[in-house]
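Structural characterization, general
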Amino acid sequence: DTWVLYQLTGEPSSFKGAANVGGIFGTDVTNASRWLFLNIHTMKWDKHLIDTICGPDHDLPLETALPTISSSSQIYGLCQASCGCGPSMSGVPIASILGDQQAALFGQTAFTAGGGKSNYRTGL
């Protein structure tokens, strides 16, 4: 999700064959939860969790190393004409990001308490 959003909203790199640059660096809460750094009560990256997993002496620059966490359903940005998808995609809003297992749960209409869906071979 983060890589796709970044590529669709970015501009071509000056280096041949390199990924786009300058795109929106973001994710939604369903995917952020899979990173193991998300505080599920605040819906923000948690320095304590990061220190626990990476060690207290890590030099991870939290402000730039991790994507911005947003809702699963909002307009994140617009596709750029130069993103490599062709001119017909220019200006098309990117209006949702959702993890595959969460999307499958929604797709199978498990909307009530106790509803469930089993997925296999995805995730960490």
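Please read these numbers as outputs of a predicted model, since none were measured by experiment. (Residues numbered from 1 in each chain as written. Predicted model: local features only at pLDDT ≥ 70, side-chain atom pairs only at ≥ 80, totals over all residues. Heavy atoms only, no water.)

**Some details on the overall build of the protein chain**
Condition: Secondary structure elements follow DSSP: runs of H or I of four or more residues count as helices, runs of E of two or more count as strands, with numbering from the N terminus. Burial classification: accessible surface area is computed with a 1.4 Å probe over protein chains only, and a residue below 20% of its type maximum counts as buried, one above 50% as exposed, and the rest as partly exposed. Note on contacts: a residue pair is in contact if any heavy atoms of the two residues lie within 4.5 Å. By the counting rule applied here, Lys and Arg register as positive and Asp and Glu as negative, while His and the ends of each chain are not counted. Taken as the charge centre is NZ of Lys, CZ of Arg, CG of Asp or CD of Glu, depending on the residue.
Of the regular secondary structure elements, the protein chain holds five helices and six strands. Helices and strands in the protein chain line up, N terminus first, as α-β-α-β-β-α-α-β-β-β-α. Per-residue burial for the protein chain yields a buried fraction of 30% across its 124 residues. Here the contacts in the protein chain between residues at least 6 apart in sequence split such that 46% fall between residues at least 24 apart. For the protein chain, the distance from the average site of its 6 positive side-chain charges to the average site of its 9 negative ones is 10 Å.

**Digging into the packing of aromatic side chains**
The cut-off we apply is this: When the centres of two rings from Phe, Tyr and Trp lie within 6.5 Å, Trp using its six-membered ring, the rings pair. Their planes under 30 degrees apart give stacked, over 60 give edge-to-face, and anything left gives tilted.
A complete count under the given rule lists one aromatic pair for this structure. Ring centres of Trp35 and Trp45 lie 5.4 Å apart, and the angle between their planes is 45 degrees; on these two criteria the pair is classed as tilted. Residue Trp35 is located in the loop between helix 2 (29-32) and strand 2 (38-39), and its partner Trp45 is located in strand 3 (residues 44-45); the two are separated by ten residues in the primary sequence. Judged by relative accessible area, which is 32%, Trp35 ranks as partly exposed.

**Section: a nonpolar patch on the surface**
Condition: For patch building, the residue pool is restricted to those with more than 30% relative accessible area and no salt bridge; the joining distance is 9 Å between like charges and 5 Å between nonpolar side chains (Val, Leu, Ile, Met, Phe, Trp, Tyr). All accessibility values rest on the Shrake-Rupley procedure with a 1.4 Å probe; residue burial counts only the protein chains present in the view. A side-chain nitrogen of Lys or Arg and a carboxyl oxygen of Asp or Glu constitute a salt bridge if their distance falls within 4 Å.
A contiguous nonpolar surface patch, about 340 Å² in accessible area, is contributed by Leu98, Phe106 and Phe111. Note that Phe106 resides in helix 5 (residues 100-107). Accessibility expressed as a relative area gives 57% for Phe106, which makes it exposed.

**Section: the pattern of salt bridges**
As a working rule, side chains carrying opposite charge can pair if their charged atoms are close by. Per the stated rule, a full pass over the model turns up one salt bridge. Of the charged contacts, one joins Asp51 and Lys47 as a salt bridge, the two residues approaching to 3.0 Å between their closest N and O atoms. With Asp51 and Lys47 both in helix 3 (residues 47-54) and four residues apart, this pair spans about one turn of that helix. According to the relative accessible area criterion, Lys47 is partly exposed, its value standing at 45%.

**Quick look at the side chain of Ser72**
Assignment of secondary structure puts Ser72 in the loop between strand 4 (68-70) and strand 5 (77-78). Sequence-distant contacts of Ser72, that is, excluding residues within four places in its chain, are made with Asp28, Val29, Thr30, Ala95, Ser96, Ile97 and Leu98.

**Digging into the environment of Pro56**
Tracing the backbone through its elements, the reader meets Pro56 in the loop between helix 3 and helix 4 (62-65). Sequence separation between Pro56 and His41 is 15 residues, and the spatial gap between their C-alpha atoms is 22 Å.

**A short note on unusual backbone geometry**
The phi dihedral of Met43 falls on the positive side, at around 60 degrees, and the residue is not glycine. The topology assignment puts Met43 in the loop between strand 2 and strand 3. Residue Thr109 is not a glycine yet carries a positive backbone phi of 55 degrees. Relative to the helices and strands, Thr109 resides in the segment after helix 5.

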